[in-house]
Amino acid sequence: KKLAGVRPLASEALVDTRSRLPGEMEWLELSHVPVLDGSLSVRHEGRTQTRLTAESGMWNRWRAVFPGAHPALLVDGEPVTAESRETIGAQPESYVVVEVSPGVARTVSVPD
């Protein structure tokens, strides 16, 4: 789960993802990852696109995080205003919080 950067946050009732793939690794896909009261599948395409599917459970929010300061991220191909923050090491990152439903794949990506 470390490379996939999947982090369940019970206090916020959401799952946070942040790709940690090294440059030489093009993609990573995991299925049946236990989170909160259920499971999910996740696929990272480098550090610029993530697809998540809630497989089971009552949780329904996903925070998709990407490195860099981006005014918008694409959610299922549509631009959505992104929030920005700094990591502990003062590196900028951007994120959106997306509603998810069991069995429905959602994709968030950094615009070209």
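Let me begin by describing the structure that accompanies this report.

## Regarding the overall build of the chain
A count of helical and extended segments in the chain gives zero helices and eleven strands. Helices (α) and strands (β) of the chain occur, in sequence order from the N terminus, as β-β-β-β-β-β-β-β-β-β-β. For 112 residues, the compact-globule formula gives about 13 Å, and the C-alpha radius of gyration of the chain, at 13 Å, lands near that figure. Oriented by its inertia axes, the alpha-carbon framework of the chain measures out at about 30 × 30 × 30 Å.

## A look at the packing of aromatic side chains
Counted under the stated rule, the structure contains zero aromatic pairs. For arginine 43, the ring lying beneath its charged end belongs to tryptophan 27, and the centroid distance is 4.1 Å. Geometry around tyrosine 95 places arginine 85 over its ring, the cationic atom sitting 4.8 Å from the centre.

## With respect to the environment of leucine 3
Mapped onto the fold, leucine 3 is located in the segment before strand E1 (6-9). For the pair leucine 3 and alanine 105, spaced 102 residues apart in the sequence, the C-alpha separation amounts to 20 Å. Ignoring anything within four residues of it in the chain, the contact list for leucine 3 reads Arg18, Ser19, Arg20, Leu21, Pro22, Met25, Leu28 and His44.

## Overview of the sheet that holds strand E10 (residues 92-99)
Pairing within the open sheet is mixed, and its five strands lie in the order E1-E2-E6-E10-E9. Either end of the sheet is taken by a strand with one partner, and the two such strands are E1 and strand E9 (83-86). Ignoring strand direction, the axes of neighbouring strands in this sheet form an average angle of 25°.

## Examining the environment of serine 56
You can see serine 56 is positioned in strand E5 (residues 49-56). Through-space distance from the C-alpha of serine 56 to that of proline 22 is 29 Å; in sequence the pair is 34 residues apart. Each residue touching serine 56, except ones within four places of it in the same chain, is listed here: Gly38 and Ser39. Looking at serine 56, its side chain comes within polar contact range of the main-chain nitrogen of serine 39, at 3.2 Å.

## Some points on the sheet that holds E5
Strand order in the open sheet formed by six strands is E3-E4-E5-E11-E7-E8, and the pairing between neighbours is antiparallel. Taken across any chain shown, the strands that pair with only one partner, and hence form the sheet edges, are strand E3 (27-35) and strand E8 (78-81). The average undirected angle you get between the axes of adjacent strands in this sheet is 25°.

## Notes on the pairing of strand E7 (residues 72-75)
Residues Leu73 and Val75 point to one face of E7 and are all buried, whereas Ala72 and Leu74, pointing to the other face, are not buried. Bridge count for E7 against E8 is four bridges, and the pairing is antiparallel. Residue pairing in the sheet places valine 75 in a bridge with glutamate 78 of E8. Joining the antiparallel neighbours E7 and E8 is a turn of two residues, in which aspartate 76 adopts a positive phi near 50°.

Rules used in this analysis
- Along each chain, residues carry numbers from 1 onward, in the same order as the chain's sequence is written.
- Two thresholds apply to this predicted model, a pLDDT of at least 70 for residue-level local features and 80 or more for giving and counting side-chain atom pairs, whereas whole-chain, interface and lining totals are computed over all residues.
- Only hydrogens and water are removed before side-chain values are computed, so all heavy atoms of the structure are retained for them.
- Helix and strand assignments come from DSSP, with helices taken as H or I runs of at least 4 residues and strands as E runs of at least 2, each series counted from the N terminus.
- Radius of gyration here uses only the C-alpha atoms, and the compact-globule reference equals 2.2 Å multiplied by the residue count raised to the power 0.38.
- Centres within 6.5 Å are what make two rings of Phe, Tyr or Trp a pair, Trp counting through its six-membered ring; a difference in plane orientation under 30 degrees is then read as stacked, over 60 as edge-to-face, and the rest as tilted.
- We call a charge positioned over a ring when the NZ of a Lys or the CZ of an Arg lies within 6 Å of the ring centre and within 35 degrees of the ring normal.
- Pairs of residues are marked as contacts when any of their non-hydrogen atoms sit within 4.5 Å.
- By definition, two strands form a pair when at least two bridges between them are found by DSSP.
- Convention adopted: a line fitted to C-alpha atoms gives each axis, helices being fitted over their contacting stretch, and angles between N-to-C directions are expressed from 0 to 180 degrees.
- Here a polar contact is recorded for every N or O atom pair within 3.5 Å, except that within protein the pair must consist of a potential hydrogen donor and a potential acceptor, and residues adjacent in sequence are included only if both atoms are side-chain atoms.
- Throughout this description, buried means an accessible area under 20% of the type-specific maximum (1.4 Å probe, protein chains only), exposed means over 50%, and partly exposed covers the range between.

Purely geometric stuff here, so don't read any function into it on its own.
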